Amino acid sequence: MKKLLTAPSKMPLSEVEIQLYQNVLKLIPEVSLNLMAVKVTNHPEDFVGWCHELIDVCKNRINFELLEPQQLPILKKIQTTLESGITISQLKTLRIAPWPVVAESIKAQQETLVLDEQLALLDYLTPLKQQRLSDMIEEDKLAFAGKHTAKHDPSIYKFDVEWFASTKSAKNLHALMSASCVELDDALSHIPLEGDVTQAQYADFVTGYINAFNVLENEKATLAPATRLLAMRRPDIFTPVTSGSLDLLCQSLSLVKLTNRDFERYWHEIVMAIHKQPWYLQDQPEDQLEATIWQYRALMPCWFTYYSSDAKEQSNYYRALHKPKRTSSNSAAPKRRGKESAEVLVDRALSSDEIPAHIKNMRDSIVSEVEKGRSVDETINLMRTIFG
C-alpha cells in the first residue's frame, strides 16, 4: 500500500493533478491504518490508473467493520477527490485527442457509460423538442429539463432523464416551470433547431431566459439549468454543466471558474473552446454508432467524466425497474397523474402493433387506472391477463 500511495510522486503530473494528489495525502492519515491493512498488487504508472486503483481500495477492499463512524466521511472525501482527478485528467486528454481516439474510448466504455440508456434519452427528446414546453405533458417537460419523478413510468421512459446535468436541485427553474413555461419557450425559440447558432442568437436567449424569472419573487436566473435546456435543444452545440461539473471543466480547460451568472463567459470560454477541439471539427463518420455520437458531440465532456462501475445500477431508470412491487400491507398509495399525461402515455403504448385490438378498445379503462398511479405496462399486462 505504501508503494501505491507514493507512486504519483514519480509521475509527470500537471499542476492540477499535483494539487489533487496533495489533497488526497492530507486526508490519508485519518484512515492510514485501515488502508495499510489492504493488500495491493496492482501499481499503475499513470495518474488516472492510480486514482481508479485507490478508489477500488476505498470502495471495495477496505474493511468497513474496522472503520470508526467519523472516518467514513473522510473515506468518502478521498473517493470524491480521486473521482475529480480522473475527470480532470480525462477532460485534459479530450482537449488534444483526435476523433478516432475519442470514438474508440467511448465504444470501449459503452457499458460503464450506460451509453444505450443515454442515447435512448436523446433519441426520445429529438422529436419532443419540436414542441414548446408549455405544450408538453408534465413528464415530458421534466424529461427535457432533467428532473426525475416517480411519475416517469419506466415502461415509457426507458432511461434516466437526469443524464447530462441533472436539474433536480435547481429549484428556481422548476418553480418557474410550474408557474409558466411561456417565457422559457420564447427564450428557447431564439436557438434554431438546425444549422449554426450565432452569438447574437445565444445573447437573445440569455436575455429572454433571465427576464423569464421576473415572474417569480426573489428568484434569479442561473447558468447551469440554462445549459441543460440548451444542450437538450442542441446537443451538437451546447455542453450541459452542473455547478460541480463546471468547476472540473474549468480546471481541465485552465480557466478561472465561472460563476452561476457567467452567461457570456460560458459562450466564449466553454462553447467556443469546445467547438475548436480536433474531435469536434471531425466530419460525420460513416460508422453508425460513431455517427450517432457525432450528432451529440457537444455532450462529449459528459462522456469523459468519471463513471463508477455501478453507474447503471445508480440510474433512476434501473431503480424504477427494480423497485419492490407494492403490497397492500406496506406501501403508500401511488401518486396520481394528470388525465392529459395518462392519455398521452397510454396512447403511446397502445400504438404498438403488438397490442391486440380488443385491448386497444379498452383505452378509457386503461387511462383511468394509469391516472390513479398504476404503470402503463402493469395496467396493459393486467388487461391482457384477464381478457387474453
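These figures come from a predicted structure and were not determined experimentally.

A. Structural detail: the side chain of S155. Tracing the chain through its elements places S155 in the loop between α9 (138-145) and α10 (171-179). On the basis of relative accessible area, S155 is assigned to the buried category, the value being 13%. Polar contacts involving the side chain of S155 include one to the side chain of D153, which spans 2.7 Å. Contact partners of S155, with chain neighbours within four places excluded, come to V376 and D377.

B. Quick peek at the pattern of salt bridges. Scanning the entire structure with this criterion turns up 14 salt bridges. Here D185 ties to R132 by a salt bridge, and the two come within 3.7 Å at their closest N and O atoms. Taken as a pair, D185 in helix α11 (residues 182-188) and R132 in the loop between α8 (115-128) and α9 lie far apart in primary sequence, 53 residues in all. Given the relative accessible area of 32%, R132 is considered partly exposed. As a salt-bridge pair, D347 and R363 come within 2.6 Å of each other at their nearest N and O atoms. Pair noted here: D347 is in helix α20 (residues 339-350) and R363 is in helix α22 (residues 363-371), with a separation of 16 residues, a long-range link. According to the relative accessible area criterion, D347 is partly exposed, its value standing at 35%. Overall, the relative accessible area of 24% leaves R363 in the partly exposed class. Ionic contacts of the salt-bridge type, sharing partners, join the residues E104, K107, D287 and E290 into one network.

C. Examining the confidence of the model for the protein chain more closely. Taken residue by residue, the protein chain gives an average pLDDT of 92. The fraction at 70 or more is 97%. Of all helices and strands in the protein chain, the one with the weakest mean pLDDT is helix α23 (residues 376-387) (78), whereas helix α13 (residues 223-233) scores best (98).

D. Just the packing of helix α12 (residues 199-212) against α13, in detail. Remark: α12 packs on α13, axes separated minimally by 12 Å, with the N-to-C direction vectors making an angle of 130°. Between α12 and α13, the interaxial angle falls into the category oblique. Of the two elements, α12 crosses α13, and the hand of that crossing is right-handed. Contacts from Y202, F205 and Y209 in α12 reach P225, A226, L229 and L230 in α13. Residue composition of the contact of α12 with α13, by class: seven nonpolar, no polar and no charged.

E. Representation of the nonpolar core. Grouped together as the largest cluster of nonpolar side chains are 93 residues, with contacts concentrated most on F205, Y209, F238, M300 and W303. For this core, the leading source of residues is α8, giving seven residues. Here W303 is in contact with I106, L113, L115, Q118, L119, F164, I293 and Y296, once residues within four sequence places are set aside. Grouped together as the second largest cluster of nonpolar side chains are 32 residues, I28, L35, C58 and I78 included.

F. Spatial organisation of unusual backbone geometry. Backbone geometry places V114, a non-glycine residue, at a positive phi of 55°. Residue class for V114 comes out buried when judged on its relative accessible area of 1%. The residue N218 is not glycine, and still its phi comes out positive at about 60°. By the element assignment, N218 lies in the loop between α12 and α13.

G. Looking closely at α10. Within the span of α10, buried status applies to N172, L173, H174, L176 and M177. On its buried face, α10 is in contact with α9, α11, α12 and α13.

What counts and what doesn't
- Residues numbered from 1 in each chain as written.
- Predicted model: local features only at pLDDT ≥ 70, side-chain atom pairs only at ≥ 80, totals over all residues.
- Heavy atoms only, no water.
- Helix = DSSP H or I, 4+ residues; strand = E, 2+ residues; numbered from the N terminus.
- Buried < 20%, exposed > 50% of the residue type's maximum accessible area, 1.4 Å probe, protein only.
- Polar contact = N/O pair within 3.5 Å; in protein donor to acceptor, adjacent residues only side chain to side chain.
- Contact = heavy atoms within 4.5 Å.
- Salt bridge = Lys/Arg side-chain N within 4 Å of Asp/Glu carboxyl O.
- pLDDT = per-residue confidence, 0-100.
- Axes fitted to C-alpha atoms, helices over the stretch in contact; angles between N-to-C directions.
- Parallel < 35°, antiparallel > 145°, perpendicular 65-115°, else oblique.
- Left-handed = near helix turned anticlockwise from the far one by under 90°.
- Nonpolar A, V, L, I, M, F, W, Y, C, P; charged D, E, K, R; others polar.
- Core = buried A, V, L, I, M, F, W, Y, C linked by side-chain atoms within 4.5 Å.

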